Amino acid sequence: EAQVTQNPRYLITVTGKKLTVTCSQNMNHEYMSWYRQDPGLGLRQIYYSMNVEVTDKGDVPEGYKVSRKEKRNFPLILESPSPNQTSLYFCASSLTDRQETQYFGPGTRLLVL
Amino acid sequence: QKEVEQDPGPLSVPEGAIVSLNCTYSNSAFQYFMWYRQYSRKGPELLMYTYSSGNKEDGRFTAQVDKSSKYISLFIRDSQPSDSATYLCAMSAGNMLTFGGGTRLMVKP
């Protein structure tokens with residue numbers, strides 16, 4: 001089954017404790033991206049990657065890091081999480097950078113205390 | 001002002017009604033226009049996409065793009081309770097996708 005998976009689905013952590021949210025897709029897609037979704041603000045793009053070893057900032061990259069060492073994986077790293085990073089995070093992938101057929105993962109709900 | 005504006009709703013309609021969902025935008029460089037549906041506690045799923053201006057129909061769903069007015073619409077015919085969800089418009093001018101805030105739709109039996 002074609003899908004984007006994320007882990008963990010739910011995470012509660014404390015300020016400053018480094019964490020990684022994994023994302024994996026099995027569709028051989030070139031393009032992957034991370035979004036956060038907040039009430040009233042909608043979905044905002046954090047980082048995106050057009051291919052292995054190619055990443056770029058989205059609208060709200062501050063406080064986040066990403067890496068793309070393999071085509072299928074695109075982890076999101078929070079080196080020193082803060083309460084304002086409490087949010088619902090989605091990973092997505094698409095065949096091309098036009099993103100007209102973008103598939104989203106199920107989401108990771110993060111609470112930073 | 002946000003780049004993409006969307007009325008948050010909620011929009012409540014009876015089953016069988018025609019639903020009209022809309023977004024306005026300010027960036028004339030947007031060329032790809034999408035509509036996503038998001039059920040509670042789920043990731044968005046792509047419903048339709050269109051390139052540039054025009055109409056596109058898929059079953060009960062019709063997407064319209066009017067680039068001259070910077071206005072896009074999604075029409076749902078014969079709405080069903082299973083259509084109850086949040087609908088997100090999204091637009092792309094290149095590598096990045098910009099979303100509207102979403103409209104929550106409730107279809108009552």
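Residues numbered from 1 in each chain as written. Chains lettered and ligands numbered in written order. Predicted model: local features only at pLDDT ≥ 70, side-chain atom pairs only at ≥ 80, totals over all residues. Heavy atoms only, no water.

Topic: the packing of aromatic side chains
Rule in force here: Two aromatic rings from Phe, Tyr or Trp, using only the six-membered ring of Trp, form a pair when their centres are within 6.5 Å; if the ring planes differ by under 30 degrees the pair is stacked, by over 60 it is edge-to-face, and anything between is tilted. Helical segments are the DSSP runs of H or I of at least four residues, strand segments are the runs of E of at least two, and each set is numbered from the N terminus. Buried means the residue's accessible area, taken with a 1.4 Å probe over protein chains only, is under 20% of the maximum for its type, while exposed means over 50%, and partly exposed covers the values in between.
Under the defined criterion, the tally for this structure stands at 11 aromatic pairs over all chains. Aromatic side chains A:Tyr31 and A:Tyr48 sit 5.8 Å apart centroid to centroid with 15 degrees between the ring planes, which places their arrangement in the stacked category. With A:Tyr31 in strand E4 (residues 31-38) and A:Tyr48 in strand E5 (residues 42-51), this residue pair connects regions lying 17 residues apart in the sequence. What makes A:Tyr48 buried here is its relative accessible area of 6%. The interplanar angle of 45 degrees and the centroid separation of 4.9 Å between the aromatic rings of B:Tyr32 and B:Tyr51 together place this pair among those described as tilted.

Here we look at the pairing of strand E6 (residues 54-57) of chain A
Residues and elements named next belong to chain A. The cut-off we apply is this: The pairing criterion for strands is at least two bridges between them, as found by DSSP.
The pairing of E5 with E6 spans four bridges and is antiparallel. Residue Asn 51 lies in a different strand from E6, and its bridge partner there is Val 54. Hairpin geometry of E5 and E6 is characterised by an intervening segment of two residues between the two adjacent antiparallel strands and by a positive phi of about 65 degrees at Glu 53.

As for the state of the cysteines
The test is simple: A pair of sulfur atoms, both from cysteines and within 2.5 Å, is called a disulfide here.
In total, this model carries two disulfides over all chains according to the counting rule given. Between the sulfur atoms of A:Cys23 and its disulfide mate A:Cys91 the distance is 1.8 Å. Here the S-S torsion is close to -70 degrees, and the disulfide linking A:Cys23 with A:Cys91 is therefore left-handed. Residue A:Cys23 is located in strand E3 (residues 19-25), and its partner A:Cys91 is located in strand E9 (residues 87-94); the two are separated by 68 residues in the primary sequence. There is a disulfide in this structure between B:Cys23 and B:Cys89, and the S-S distance comes to 2.0 Å. Residues B:Cys23 and B:Cys89 share a disulfide whose torsion about the S-S bond is about -105 degrees; that sign makes it left-handed. Of this pair, B:Cys23 sits in strand E3 (residues 19-25) while B:Cys89 sits in strand E9 (residues 85-92), and the two are 66 residues apart along the sequence. We note that B:Cys23, like B:Cys89, is buried.

Topic: the sheet that holds E3(A)
If you walk across this open sheet you meet the four strands as E1-E3-E8-E7 (chain A), and the pairing is antiparallel. Of all the strands in the sheet, just strand E1 (4-7) and strand E7 (65-66) of chain A have a single pairing partner and so form its edges.

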